[in-house]
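Structure at a glance
Below, each chain spelled out in residue letters.
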Amino acid sequence: ENSFTHVHNTHPAYTTLFTGVDPITHRIVRMNGNYYLEKAKFTMLTELITDAGYETIALDNLQMAGAHFGAEWIATGFDTYINYSKTPAEGIKGHKHRLENLNLHAIPILDKVKDKPFFMFLHCWDTHTPYLPEPPYDTMWIDESCEGGKLIPGNDEDGNPLVEKSPTGRVR
């Protein structure tokens, strides 16, 4: 019902998710740093799940996110690790990291493993920019009193509703 994270960056948050320890303990405290998990000190969740007889699959792009900040330890314990950024899928629309595109990879895999115990980790970027909500959420805050602009949740320092007048629909 409630979910919390110890840190707002992806590498340390996912490292906490997979090790069960806080960032100060596993020492992955930010993205894009020269931080590497000392795997010998930690048992990854995926190793435990694999040992319990589950097939483990990841659709992710953190392992090789970049030459200087890849998080190769994220792949530890997975039977199958697919870097979907480098693996094209037919039918991709818009931003390749969106969940609907990730599902183009995931659904065929689910069809193969559906009759056995499995754990699948899906890493999508829908919470990151670009914020491109699908209908009806893309027009939910349109208000005729805004002269074609969109109401943005919140108020300015004077208590007035925030209004975005950009014709692109993007918040500045």
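Preceding this paragraph is the structure being described.
Residues numbered from 1 in each chain as written. Predicted model: local features only at pLDDT ≥ 70, side-chain atom pairs only at ≥ 80, totals over all residues. Heavy atoms only, no water.

**Description of the pattern of salt bridges**
Throughout the structure, instances matching the rule amount to 2 salt bridges. In this structure, K41 and E38 form a salt bridge, with 3.4 Å as the shortest nitrogen-oxygen distance. A residue is classified by how much of its surface remains accessible, and E38, at 43% relative accessible area, is partly exposed. K116 serves as the salt-bridge partner of E55, at 2.9 Å between the closest nitrogen and oxygen. With E55 in strand 1 (residues 55-60) and K116 in the loop between helix 4 (99-113) and strand 3 (118-122), this pair connects stretches of sequence that are 61 residues apart. Overall, the relative accessible area of 40% leaves K116 in the partly exposed class. (Salt bridge = Lys/Arg side-chain N within 4 Å of Asp/Glu carboxyl O. Buried < 20%, exposed > 50% of the residue type's maximum accessible area, 1.4 Å probe, protein only. Helix = DSSP H or I, 4+ residues; strand = E, 2+ residues; numbered from the N terminus.)

**Comments concerning the sheet that holds strand 3**
The pairing of strands in a sheet happens through backbone hydrogen bonds and is either parallel or antiparallel. Strand order in the open sheet made by the 3 strands is 2-1-3, with parallel pairing throughout. Every other strand in the sheet has two partners, leaving strand 2 (80-83) and strand 3 as the edge strands with one partner each. For this sheet, the mean angle separating the axes of adjacent strands, direction not counted, is 10 degrees. Strand direction decides the pairing type here: strand 1 and strand 2, joined by 4 bridges, are parallel. Among the inter-strand pairings, I57 is bridged to a residue of strand 2, identified as T80. Relative to the sheet, helix 4 contacts strand 1, strand 2 and strand 3, its axis offset from that of strand 3 by approximately 175 degrees. (Pairing = 2+ DSSP bridges. Axes fitted to C-alpha atoms, helices over the stretch in contact; angles between N-to-C directions. Contact = heavy atoms within 4.5 Å.)

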